[in-house]
Amino acid sequence: MHSRFIFILALFFLLTGCYSSATSGHQSFSSVVFQVTGNVYPTGYYYVTVNIGNPPKPYWLDLDTGSDLTWLQCDAPCTKCFPAPHKPYKPNKNLVTCMDPLCASVHWPETLNCESPNDQCDYEVQYADHGSSLGLLVNDRFRLKYTNGTLVEPRLAFGCGYDQEVEASMNPPYTDGVLGLGLGKASILRQLNELGVTKKCGGSLS
Ligand SMILES: *[C@@H]1O[C@H](CO)[C@@H](O)[C@H](O)[C@H]1NC(C)=O
């Protein structure tokens, strides 16, 4: 019980977009909150519900602190989607292009050769434990809430995954995708900071 509380607390700080402890008490504080659901047992995993698109639809995203990219199963069309709580996301026409710095960051450390500046940005993520996702980067609105309750709807880049591999033996979480909470450029926490939606709380990010 105790360790679970600490875990949730740690998660809250992670998700508020602050990377280091906030020491100055009266600094204006813009944090967004995500609703975390799940438990250690019997569910065995935690996920957040995120509303994405216009009109916004809810998706359940598995939390992963070890990777940057957030992705959703996507009807682009979906060639290999696993059973999920919601219908695959239908992408709009807002693709992230190959020239976008976010695209390069998703491909790092490999260098990316764009044949044409308007090429779509393909991605592939591999997880040590539960499979992989292949797709393209898109942009859409995320409906988020500040800690004071005010809604904000920034446009964020994420993966539209149309070819997923899961190891059945791994008992994968019943979610629509993954929320990547790494600190790389493609992470939505980092995107929120760069857009000025959230503030860095005294930490430096390079
Ligand atoms: C809530 O917080 C955000 C971010 O700090 C701010 O822009 C907004 O004006 C606040 N809303 C209210 C009602 O105070």
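See the structure printed just above.
Quick caveat: nothing in here was measured; it's all calculated off a predicted structure.

J.: Can you tell me about the overall build of the chain, naming the residues and giving the values?
T.: Along its length, the chain carries 3 helices and 10 strands. Listed N to C, the secondary structure of the chain is α-β-β-β-β-β-α-β-β-β-β-β-α in terms of helices and strands. Across the 206 residues of the chain, 39% fall into the buried class. If you take every contact in the chain between residues at least 6 apart in sequence, the share linking residues at least 24 apart comes to 61%. Carbon and sulfur atoms make up 54% of the accessible area of the chain, which amounts to about 11400 Å² in all.

J.: If you had to explain the packing of aromatic side chains to someone new, which residues and values would you point to?
T.: Evaluated as defined, the whole model comprises 5 aromatic pairs. With a centroid separation of 4.5 Å and 20° between ring planes, the pair formed by Y47 and W60 is classed as stacked. Here W60 lies in strand β4 (residues 57-64) and Y47 lies in strand β3 (residues 45-52), a separation of 13 residues in the sequence. Here Y47 falls in the buried class, since its relative accessible area comes to 10%. The rings of Y59, Y89, F142 and F158 are connected pair by pair, giving a single aromatic cluster.

J.: Would you mind going over the nonpolar core in detail, with residue names and values included?
T.: Core analysis: the largest hydrophobic core is formed by 27 residues, its most contacted members being V32, I52, Y89 and F142. Looking at this core, the elements that each hand over two or more residues are β3, β4, β7 (132-146), β9 (155-165) and α3 (188-194). Per element, the largest residue contribution to this core is 5 residues, and it comes from β7. The next biggest cluster of nonpolar side chains, apart from the first, holds 14 residues, and it includes L69, Y127, V178 and A186.

J.: Give me the lowdown on the side chain of T198, citing residues and values where you can.
T.: Here T198 shows up in the segment after α3. Accessibility expressed as a relative area gives 3% for T198, which makes it buried. Here the side chain of T198 touches N193 through a polar contact of 3.4 Å, landing on its backbone nitrogen.

J.: Which residues make up the pairing of β3, and what values go with them?
T.: Each regular strand carries side chains that alternate between the two faces of the sheet. A large share of β3 lies buried, amounting to 6 of its 8 residues. In this sheet, β3 lies alongside strand β2 (residues 35-39) in antiparallel orientation, the contact comprising 5 bridges. Bridge pairing in β3 links G38 to Y46. In this structure, the hairpin formed by β2 and β3 is closed by a connection of 5 residues, where G44 is found at a positive phi of approximately 85°. Sheet topology note: the β3/β4 ladder contains 6 bridges and is antiparallel. When the bridges of β4 are listed, V50 appears paired with Y59.

J.: An account of unusual backbone geometry is needed here, citing residue identities and associated values.
T.: Residue P77 follows A76 across a cis peptide bond; omega there is 0°. For P77, the location among the structural elements is in the loop between β5 (71-73) and α2 (101-107). Here the bond from W108 into P109 is cis, since omega is 5°, no more than 30 degrees from zero. Considering the arrangement of structural elements, one finds P109 in the loop between α2 and β6 (122-126).

Reading guide: rules and limits
Residues numbered from 1 in each chain as written. Predicted model: local features only at pLDDT ≥ 70, side-chain atom pairs only at ≥ 80, totals over all residues. Heavy atoms only, no water. Helix = DSSP H or I, 4+ residues; strand = E, 2+ residues; numbered from the N terminus. Buried < 20%, exposed > 50% of the residue type's maximum accessible area, 1.4 Å probe, protein only. Contact = heavy atoms within 4.5 Å. Areas by Shrake-Rupley, 256 points an atom, 1.4 Å probe, with all protein chains shown as cover. Phe/Tyr/Trp six-rings, centres within 6.5 Å; stacked < 30°, edge-to-face > 60°. Core = buried A, V, L, I, M, F, W, Y, C linked by side-chain atoms within 4.5 Å. Polar contact = N/O pair within 3.5 Å; in protein donor to acceptor, adjacent residues only side chain to side chain. Pairing = 2+ DSSP bridges.

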